[in-house]
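Descriptive analysis of the structure
The chain contents come next:
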Protein chains: 2
Amino acid sequence: MNAVNRRIVLASRPHGEPKPENFRLEEVPVPEIGPGQILIRTRWLSLDPYMRGRMSDAKSYATPVQIGEPITAEVVGEVVASKNPDIPVGTLRTAFAGWQEYFATDGKGTRPVDPDAAPPSTAVGVLGMPGMTAYTGLLNIGRPKPGETVVVAAAAGPVGSLVGQIAKLKGARAVGIAGGPDKCRYLTEELGFDAAVDHRGADLPGALAEACPKGIDVYFENVGGAVFSAVLPLLNPFARIPVCGLVSAYNATEAPAGPDRLPGLMRSVLTNRLHIQGFIVWDFADQAETFRQEVGAWIREGKVRYREDVVEGLENAPEAFIGLLKGRNFGKLVVHIP
Amino acid sequence: MNAVNRRIVLASRPHGEPKPENFRLEEVPVPEIGPGQILIRTRWLSLDPYMRGRMSDAKSYATPVQIGEPITAEVVGEVVASKNPDIPVGTLRTAFAGWQEYFATDGKGTRPVDPDAAPPSTAVGVLGMPGMTAYTGLLNIGRPKPGETVVVAAAAGPVGSLVGQIAKLKGARAVGIAGGPDKCRYLTEELGFDAAVDHRGADLPGALAEACPKGIDVYFENVGGAVFSAVLPLLNPFARIPVCGLVSAYNATEAPAGPDRLPGLMRSVLTNRLHIQGFIVWDFADQAETFRQEVGAWIREGKVRYREDVVEGLENAPEAFIGLLKGRNFGKLVVHIP
């Protein structure tokens, strides 16, 4: 076994967009495992926008990553050593191991992955946190009804693509917002969205209005910014807005200039009786098994499709993550560690 | 019977604060009633902040009052003529009669008022729309749990005072925001609020933080503006914000200057998993009977108290309404028509 654990730690807190110098690749000894513990070797490392939040020390639902510590991440890894009789060597598990090759744990918070049921990387993608974020937020808060219009941004990403496909399965109309013609084509031609809007186009508000002739009943919010501004005037009475992310604002360093749009939002909340609700996937932890069974079945039946964007090598994780916040990935971004 | 119907019509749409010249007192003939109709003579006329919205022609859930038409209002009146066998002369009913002395109707949308059960004016107050707004918004959206902190502004008014008292009945801590020491004393000494904060004081954010040492779990939003800004940093994870009014913004004529607070709100929605939901009382129309029975019982048992601010004479309605938007009333504002 390789005696070196390569890991990427937070070298400094990003101010605005993360830069390569905020990350540092280190080589440390592979941890020893004690009684009851297992050693996991990372095979797929999930990169997700929420990690930007963990790199800041602003108050949030999660404690920030400390300087010098590996960045948070869920991984799919192989058990390469075990002093835990319940977890055999050679099996695959998910674990919150962080951006590193080896991770010692007593197994709490890890979960077995069956490589015969689905490709293992999906355990941190369409069948993992991103998928469950889409599933729980849309079904618990969005609650789309047949004939309603559901809009989601970052729609070619792992959360948005599942939001749109589940909306379709529930009989709603799915409109996706994505960056560039390739992603938009993917939404309508491969995933079955009813319409796709390119947010890089000249007139996002106009294009979105055209794609939503009957207004918007559910807006699944994961980006914020200009998309939210375009959505706001199109919201129908009793529209629901699950909020799971605000990628466009993660790199913001100061409050944007005026005018102050808050009173306008609140007026719309009142006159349209909007329901806006923030959530994270753990708020619905008790729905994890239902989620995996239902979405797993949809995948096997060909009713749900997914796409992965695989980057090779731990050393390329920082660059891939920086690109993720700019929408450079096409599909669920995972780092494969050979 | 007096053959003249005095009424107050919308002379022009207010720009910003309503002014006396936006209203006009008219004398028109008392309407004739046809088969199946009744004639109602207004005894108590309810003045409520929502009427400001009806004076504008901005898109909303309700159609605006037309120029030259009486302003919308619910009244308690006496049936003074009837060609409807189900509705006897001499009985009292609520009706959406508007700012006028006489109103002909087939009775739809009217409701009998029992003068022996409670003072008739309460049918447009604590046992009417304002009371039901407090009851349904707090219990359906706010859902206070024992030990939680509930904050409400305009707390000496008909909605806020009931919100705080119901919060107490549900075991929560009630903090009211009101204008001036008299109203604040009324909240703590007469209504049993745990704390009262004077929004005219020098440091509203500081005073509110002091009154809410464990943060805010439910903020019942009926004013907006500076109060909402003071509330926002104190909200606890999973806080609920029923939104039924934004009095502070009703007279606004343009988007306020920056900074833009919308991204900050959405960040708080996400990190604190806030639940913000607009509503109007009719969204819970099926709870009207439960509301009247439960709050009626609380009043009879002395568990809920209410206060009315009675203005004499229809001709004084415009001035009273202008004062309402400035918080000059103390208790539910009603116009008594002798």
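What counts, and where the lines are drawn
- Residues numbered from 1 in each chain as written.
- Chains lettered and ligands numbered in written order.
- Predicted model: local features only at pLDDT ≥ 70, side-chain atom pairs only at ≥ 80, totals over all residues.
- Heavy atoms only, no water.
- Least-squares fit on C-alpha atoms with pLDDT ≥ 70 in both.
- Contact = heavy atoms within 4.5 Å.
- Helix = DSSP H or I, 4+ residues; strand = E, 2+ residues; numbered from the N terminus.
- Polar contact = N/O pair within 3.5 Å; in protein donor to acceptor, adjacent residues only side chain to side chain.
- Buried area = accessible area lost by both parts, 1.4 Å probe.
- Salt bridge = Lys/Arg side-chain N within 4 Å of Asp/Glu carboxyl O.
- Axes fitted to C-alpha atoms, helices over the stretch in contact; angles between N-to-C directions.
- Parallel < 35°, antiparallel > 145°, perpendicular 65-115°, else oblique.
- Left-handed = near helix turned anticlockwise from the far one by under 90°.
- Nonpolar A, V, L, I, M, F, W, Y, C, P; charged D, E, K, R; others polar.
- Core = buried A, V, L, I, M, F, W, Y, C linked by side-chain atoms within 4.5 Å.
- Buried < 20%, exposed > 50% of the residue type's maximum accessible area, 1.4 Å probe, protein only.
- Domains from an automatic or database assignment.

As annotated in an unreviewed UniProt entry, chain A carries the name Enoyl reductase (ER) domain-containing protein and comes from Methylobacterium pseudosasicola.

**Considering the relation of the copies chain A and chain B**
Of the two same-sequence chains, chain A is brought onto chain B (RMSD 0.0 Å, axial shift 0.0 Å) by a rotation of 180°. Such values leave the two copies arranged in the relation of a two-fold axis. The position closest to the rotation axis in chain A is occupied by the C-alpha of G258 of chain A, lying 1.6 Å away. Taken together, the interface assignments show that 100% of the residues at the interface of chain A recur at the interface of chain B, consistent with an identical surface on both copies.

**Section: the environment of R93 of chain B**
Residue and element names in this part refer to chain B. Examined against the element boundaries, R93 turns out to sit in strand 5 (residues 92-95). Considered as a pair, R93 and R41 are 52 residues apart in the sequence and their alpha carbons are 9.7 Å apart. Beyond its immediate stretch of four places on either side in the chain, R93 contacts I38, I40, V75, V76, G77, V79, I87, T110, R111, P112 and V113. Of the polar contacts made by the side chain of R93, one reaches the side chain of T110; its length is 2.8 Å.

**Looking at the interface of chain A and chain B**
Between chain A and chain B, the contact holds 37 residues from the first and 37 residues from the second. Buried area between chain A and chain B, summed over both chains or domains, comes out near 3400 Å², and the portion from carbon and sulfur atoms is 64%. In this assembly, chain A and chain B are joined by four salt bridges. We note a salt bridge from R273 of chain B to D283 of chain A, for which the minimum N-O separation is 2.7 Å.

**Brief notes about the side chain of N22 of chain A**
All names here are of chain A. With respect to the secondary-structure elements, N22 resides in the loop between strand 1 (4-10) and strand 2 (23-29). Within the local environment of N22, its side chain forms a polar contact with the side chain of S12, the two groups lying 2.9 Å apart. Apart from residues no more than four positions distant in its own chain, N22 is found in contact with V9, L10, A11, S12, R13, P14 and E17.

**Here we look at the packing of helix 2 (residues 129-142) of chain B against helix 3 (residues 158-169) of chain B**
Residue and element names in this part refer to chain B. Here helix 2 crosses helix 3 at 45°, and the two axes come no closer than 8 Å. By the criterion of interaxial angle, the relationship of helix 2 to helix 3 is oblique. Note that helix 2 runs across helix 3; the crossing there is right-handed. Two secondary-structure elements touch here, helix 2 through P130, G131, T133, A134, Y135, L138 and L139 and helix 3 through P158, V159, L162, V163, I166 and A167. In the contact of helix 2 with helix 3, the residues fall into 11 nonpolar, two polar and no charged.

**Considerations on the nonpolar core**
Among the nonpolar cores identified, the biggest contains 204 residues, and W99, L208 and Y219 of chain A together with W99, L208 and Y219 of chain B are the most heavily contacted of them. Residue contacts for Y219 of chain B: discarding those within four places in its chain leaves V151, A153, G224, V227, F228, V231, L235, R240, I241 and P242 of chain B.

**Looking at the domain arrangement of chain A**
Residue and element names in this part refer to chain A. If you check the domain split of chain A, you get domain 1 (4-124 + 307-336) and domain 2 (129-282). Each side of the interface is counted separately: domain 1 has 19 residues, and domain 2 has 14 residues. Summed over both partners, the interface of domain 1 with domain 2 buries about 1400 Å², with 66% contributed by carbon and sulfur atoms. Across the contact surface, domain 1 and domain 2 share zero salt bridges. Viewed at the interface, domain 2 and domain 1 are joined by two residue pairs in polar contact (both at pLDDT 80 or more). Taken together, the residues of the side of domain 1 that touches domain 2 break down into eight nonpolar, five polar and six charged.

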